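The lines below spell out each chain.
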Amino acid sequence: MQRTTACVLSLLLALSGAAMATTSPDGSLPPSSMTVAPGTTFTDLAPAPNSVRDGLNLDPGEAPEGDYLGAAIFTRDGQRVLLTNRLTDNVTVYDAEGNTLTADIDVGTYPGAIAVSDDYAVVACAFSDEVWIIDLTDYSVAAVLPSGEQPWVVRISPDGTRAYVACDIGDVCEVYDLTTLTHVLTITDFPVSLVSFTFGSENGRNAVTFTNFEVTPDGQYLMVGNRDTSVLFFDHTTGAVAETVGGIVNCPTVGLSGDGNVAVALGAGNPARAWRIDLATFAVTGAVTIDGYSLSTYAVGVDQTGTKAFLGISGNSSAIVRFDTASHRILTATYTPFGIGTSPDHELALGIQYRWSVVNFATEQVIGQLQGISLDRGVVSPVGTRAASFSPVRSELLHWHDYSNPNSPQLIASTPAGLDPEGDGPRRVAIAPDHSRLLVTNVISGNLTCIDPATAEIVAILPMGDRVQDVAITSDSRWAVVCGFNSHSVFIVDLTSDTVVAEVPAGVRAGVVSLAPDDSRAYVGNIQGNTVSVIALDGADSEEIAEVWCGVIGVVWATYGVSSGVVCSPTGEYVLIAASFDDQVKVLDTATNTIVASLPVPDFPLQIAFDRDGAYATVTNYFSNDYTVIEVDGANSSVVGTFAAGSRPLRTAYRHADGADLLGIAHYDSKNFVSVDPQSGQQIESWSYAAYGNLVQAEFGSGGEPIALTAASGSEPAMVHFADNHFALPANPASFGVSDDRLLWAVAMPGPDYVSLFQWATTGAPEIVNVPLSGPGRLTFPSPNPTSGTTRIGFVLNRSADAALAVYDLRGRKVADLAAGSFGAGGHHAFWDGRDSGGRLLPAGTYCV
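## What about the overall build of the protein chain?
1) Next: The secondary structure content of the protein chain amounts to two helices and 77 strands.
2) Next: With 849 residues in all, the protein chain has 60% of them scored as buried.
3) Next: If you take every contact in the protein chain between residues at least 6 apart in sequence, the share linking residues at least 24 apart comes to 47%.
4) Next: As displayed, the protein chain has an accessible area near 29,300 Å², and 48% of this comes from carbon and sulfur atoms.

See the structure below:
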């Protein structure tokens, strides 16, 4: 049977082959941004959100999660920030003074762009082809209006009476009257296009940048570059091109001076170029060419009078251009700013990057910096000295900055796009031998999700810090060992209480873990430290007892990242380490914790598996397209031979049932799973998955039949394959875990933050449960709030459960019961009229729900 939940949309994203081959010796995410040729659309690079096939109807997460950050904007008074979340189809509202989440607004499918007037927020929903207009007084939906196909860019007139929404498919700009909340005009032949696409190699997130346009300060024209030879000025009432400024080549972005008299247009390509346009005469009054550098950032900061502009260029640099003298100054201290803003008075430019920089236009100097967080997008308050920055492909946090002292900008707070705890970016799964727990590491939210497989219920979400990686469970199902990548530690979890009982310092960037067969030791590969930490396991008293240099290990960025193997033998005598960047396999003697042998192998050894008694092991050589069999005998270890059976051998498997002694190798590119003799390397049998996407991972079932995991490809979704059965998945998988008895499987998918759980009975098809990695329920925000009458208070349950809804005063005393009992999955609500349980009207004040 199949258990299903409510039907939703999910994104099937197939990363490019070039990115998959990228390697990293320190575990850092590889460069993953591409400039897009004119005419390329979002759906050319990543399929649109699509209903999950084969009846697997899923809930992508527990609202109010905020997944796939889109765009942020301050309200015009600077008091709030609104942030769009593309996957969870909502807008998060923050109090900019307190840096706290205050509201969560459901909108259409895939909200990307947002703009605000004094009264409304206008949200472009790219895949429902709608414009949602939100009343900023109470966050109610004032109107939902149709748009052209794939609306991606929004601007609002300076007087707040009109909204302009550019749509990529069809190149139209829709015009809406914000006084009547109606559509009034479609401007045709309006050039808007995707200009860059960025994806996260580790977590499945992506980000997009489109060419922008601006409304002139007098509200008369829409100004846009056509990525050809001109900047066009469209009349806002007729939609006709009123002015054309020629000689401006390949312009993806325009900006305005602080006084509104000047526009600046940038030219993409090499060399980078900038032009100044007088908005009174539509004449080019200055041009600067930056020889030897190309434009890297599709945003520009302009000073008050339009004399200077700040832009991001190649060479890990930025530039100040001087239009009056047709000259420029290169700034290397900023690195290349991925996002750019200006202070309200346009005296300062802000460069958003790992080096969050404050640049003085007058002195052309970097006068202040804040370092330590990789950021690429942000917004600056139109009043005061606040800013907010984020990085959609790395995190789902909004970072709050204050630059009131521009020489020392401050990071005030970092706030999740949804309410904690979320389970964002599931990466690795482990199943307890007794089936009591399924553990999932979440690389974005930096926590561990503990699931009871019998009920598919989340029983705990344990915070551990960012980029949590590998996880292993002891053979008695009592303890788990979890790698904390950026904390350079391992976490020891007591699975009887689902609590973290110890954080043990390890080497730099702990990424992969293997346990000794008697559970006495954990061997942790430290990706950047190039060491193996030996952890003596003793519950809360666990400690590192040795750290051993092992050669250069790292990550290959196939299927969201596969780390160099560190594997303990079945006897516990040895640990084999794939020193991938050294093209060697190291043999560590566990009695002395020393490297006793270094065996040369072909290009980029990656994953390792032992045979039954540990006398032989096989390693996949990812870039030489072969595998090597090793005879393991401490210092006398030797290479038996190297063999080929497919392209890009990625992961290994081992069959241990029915007296069999077979190794398996999953080939990522040739999509074949091969069983081999673990001592001779001879190929025994091969299974092909050529009709599907890349082969992510494979294991042997209890009877020797393959269990395979394939990525999405074209119209084919990602799938789990078992013998002749195929089961569609909601998104591309990172990995799966299989229980020792092969009756329980779990697949981690970073895109929609899901784990698909397959539970097999002795006969028949599996029961399939898709688990959103978040808590069991949440409150929705009261509306209206504040209120002088009746307010609507709702809650959402991810699954059927007992629930109670009540109101408390600030001293913690219950004043009113609103609802209690058993409720089904989905949304529920009650109304409160400000009276206590006895019917008495309560005094005005603040109450908690």
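## Observations regarding the packing of aromatic side chains
1) Next: Under the counting rule described, the total for this entry stands at 24 aromatic pairs.
2) Next: Between Phe581 and Phe604, the aromatic rings sit 5.0 Å apart at their centres with planes inclined by 80°, giving edge-to-face as the arrangement. A residue pair is termed long-range when its members are at least 10 positions apart, and Phe581 in the loop between strand 54 (574-579) and strand 55 (584-589) and Phe604 in the loop between strand 56 (594-600) and strand 57 (605-610) qualify at 23 residues.
3) Next: For Phe581, a relative accessible area of 31% gives the class partly exposed.
4) Next: Put simply, the rings of Phe42, Tyr110, Phe127, Trp152, Phe197, Phe199 and Phe210 pair up and form one aromatic cluster.
5) Next: For Arg155, the ring lying beneath its charged end belongs to Phe213, and the centroid distance is 5.7 Å.
6) Next: Residue placement shows Arg648 over the ring face of Tyr622; its charged tip is 5.3 Å from the ring centre.

## Considering the sheet that holds strand 61 (residues 649-655)
1) Next: Ordered in space as 61-62-63-64, the four strands form an open sheet in which the pairing is antiparallel. In this open sheet, the two strands that pair with only one neighbour each are strand 61 and strand 64 (683-688). Mean inter-strand twist for the sheet, computed between neighbouring axes without regard to direction, equals 20°.

## Digging into the sheet that holds strand 26 (residues 283-290)
1) Next: Taken together, four strands build an open sheet; the order of strands is 23-24-25-26 and the sheet is antiparallel. Both edges of this open sheet fall to strand 23 (253-256) and strand 26, since each of them pairs with a single strand only. Averaged over all adjacent pairs, the angle separating strand axes in this sheet is 20°, with direction ignored.

## A short note on unusual backbone geometry
As a rule of thumb, non-glycine residues mostly have phi less than zero, and peptide bonds are mostly trans rather than cis.
1) Next: Of note, the amide linkage connecting Asn270 to Pro271 takes the cis form, showing an omega dihedral of 5°.
2) Next: As for its placement among the helices and strands, Pro271 is situated in the loop between strand 24 (262-267) and strand 25 (272-278).
3) Next: Positioned with a positive phi, Asn593 is a non-glycine residue whose angle comes to about 55°.
4) Next: Structurally, the position occupied by Asn593 is in the loop between strand 55 and strand 56.

## Remarks on the pattern of salt bridges
1) Next: Taken as a whole, this structure holds 18 salt bridges when the rule is applied.
2) Next: Of the charged contacts, one joins Arg155 and Glu214 as a salt bridge, the two residues approaching to 3.6 Å between their closest N and O atoms. Of this pair, Arg155 sits in strand 13 (residues 149-156) while Glu214 sits in strand 19 (residues 213-215), placing them 59 residues apart in sequence.
3) Next: Look at the salt bridges and you will find they share partners, linking Asp67, Arg205, Glu396, Asp424 and Asp753 into a network.

## So, the side chain of Arg509
1) Next: Looking at the secondary structure, you find Arg509 in the loop between strand 46 (499-505) and strand 47 (510-515).
2) Next: Every residue in contact with Arg509, bar those within four places of it in the chain, is listed here: Asp26, Gly27, Ser28, Arg467, Phe485, Asn486, His488, Gly525, Asn526, Ile527 and Gln528.

## Description of the pairing of strand 15 (residues 172-177)
1) Next: The buried fraction of strand 15 amounts to six of the six residues, a majority that puts the element mostly inside the structure.
2) Next: Where strand 14 (residues 162-169) lies against strand 15, six bridges are found, and the strand directions are antiparallel. Opposite Arg162, over in strand 15, you have Asp177 as the bridge partner.
3) Next: Between strand 14 and strand 15, which pair antiparallel in sequence order, lie two residues; one of them, Gly170, sits at a positive phi of approximately 95°.
4) Next: Judged from the five bridges that link them, strand 15 and strand 16 (residues 182-187) form a sheet pairing that is antiparallel. Residue pairing across strands places Glu174 opposite Thr186, the latter belonging to strand 16.
5) Next: Between the end of strand 15 and the start of strand 16, which pair antiparallel, lie four residues, with Leu181 showing a positive phi angle near 55°.

## Side note on the nonpolar core
1) Next: Core analysis: the biggest nonpolar cluster contains 29 residues, and Phe42, Trp152, Ile187, Phe190, Phe213 and Leu222 have the highest contact counts within it.
2) Next: It is strand 17 (residues 194-199) that provides the largest number of residues to this core, a total of three residues.
3) Next: Excluding residues that lie within four positions of it along the chain, Ile187 makes contacts with Asp171, Val172, Cys173, Val175, Leu222, Phe234 and Gly239.

## What about the confidence of the model for the protein chain?
1) Next: Averaged over all residues, the pLDDT of the protein chain equals 88, while 90% of them reach at least 70.
2) Next: The low-confidence segment residues 1-21, where pLDDT is below 50, has 78 contacts with residues more than four positions distant or belonging to other chains.

## Things to note about the side chain of Glu396
1) Next: Mapping Glu396 onto the fold places it in the loop between strand 36 (386-390) and strand 37 (397-402).
2) Next: For Glu396, a relative accessible area of 3% gives the class buried.
3) Next: Of note is the side chain of Glu396, whose polar atom sits 3.1 Å from the backbone nitrogen of Tyr68.
4) Next: Those residues in contact with Glu396, other than ones at most four positions away along the chain, are Gly66, Asp67, Tyr68, Leu69, Arg205, Thr415, Pro416, Ala417, Asp424 and Ile444.

## As for the pairing of strand 61
1) Next: Among the seven residues in strand 61, seven count as buried, and that is most of the element.
2) Next: For strand 61 and strand 62 (residues 662-667), the ladder comprises six bridges, and the chain directions are antiparallel. Across the sheet, residue Arg651 finds its bridge partner in strand 62, namely Ala666.

## Quick look at the environment of Val601
1) Next: Following the sequence through the fold, Val601 ends up in the loop between strand 56 and strand 57.
2) Next: Among residues more than four places away in sequence, those in contact with Val601 are Asp583, Gln584, Val585, Val619, Asn621 and Thr628.

## Some points on the environment of Gly301
1) Next: Note that Gly301 resides in strand 27 (residues 301-302).
2) Next: Overall, the relative accessible area of 0% leaves Gly301 in the buried class.
3) Next: Separated by 44 residues in sequence, Gly301 and Ser257 place their C-alpha atoms 8.2 Å apart.
4) Next: With residues near it in sequence (within four places) discarded, Gly301 still touches Lys308, Ala309, Phe310, Ile340, Thr342 and Phe361.

What counts and what doesn't
Residues numbered from 1 in each chain as written. Predicted model: local features only at pLDDT ≥ 70, side-chain atom pairs only at ≥ 80, totals over all residues. Heavy atoms only, no water. Helix = DSSP H or I, 4+ residues; strand = E, 2+ residues; numbered from the N terminus. Buried < 20%, exposed > 50% of the residue type's maximum accessible area, 1.4 Å probe, protein only. Contact = heavy atoms within 4.5 Å. Areas by Shrake-Rupley, 256 points an atom, 1.4 Å probe, with all protein chains shown as cover. Phe/Tyr/Trp six-rings, centres within 6.5 Å; stacked < 30°, edge-to-face > 60°. Lys NZ or Arg CZ within 6 Å of the ring centre and 35° of its normal. Pairing = 2+ DSSP bridges. Axes fitted to C-alpha atoms, helices over the stretch in contact; angles between N-to-C directions. Salt bridge = Lys/Arg side-chain N within 4 Å of Asp/Glu carboxyl O. Core = buried A, V, L, I, M, F, W, Y, C linked by side-chain atoms within 4.5 Å. pLDDT = per-residue confidence, 0-100. Polar contact = N/O pair within 3.5 Å; in protein donor to acceptor, adjacent residues only side chain to side chain.

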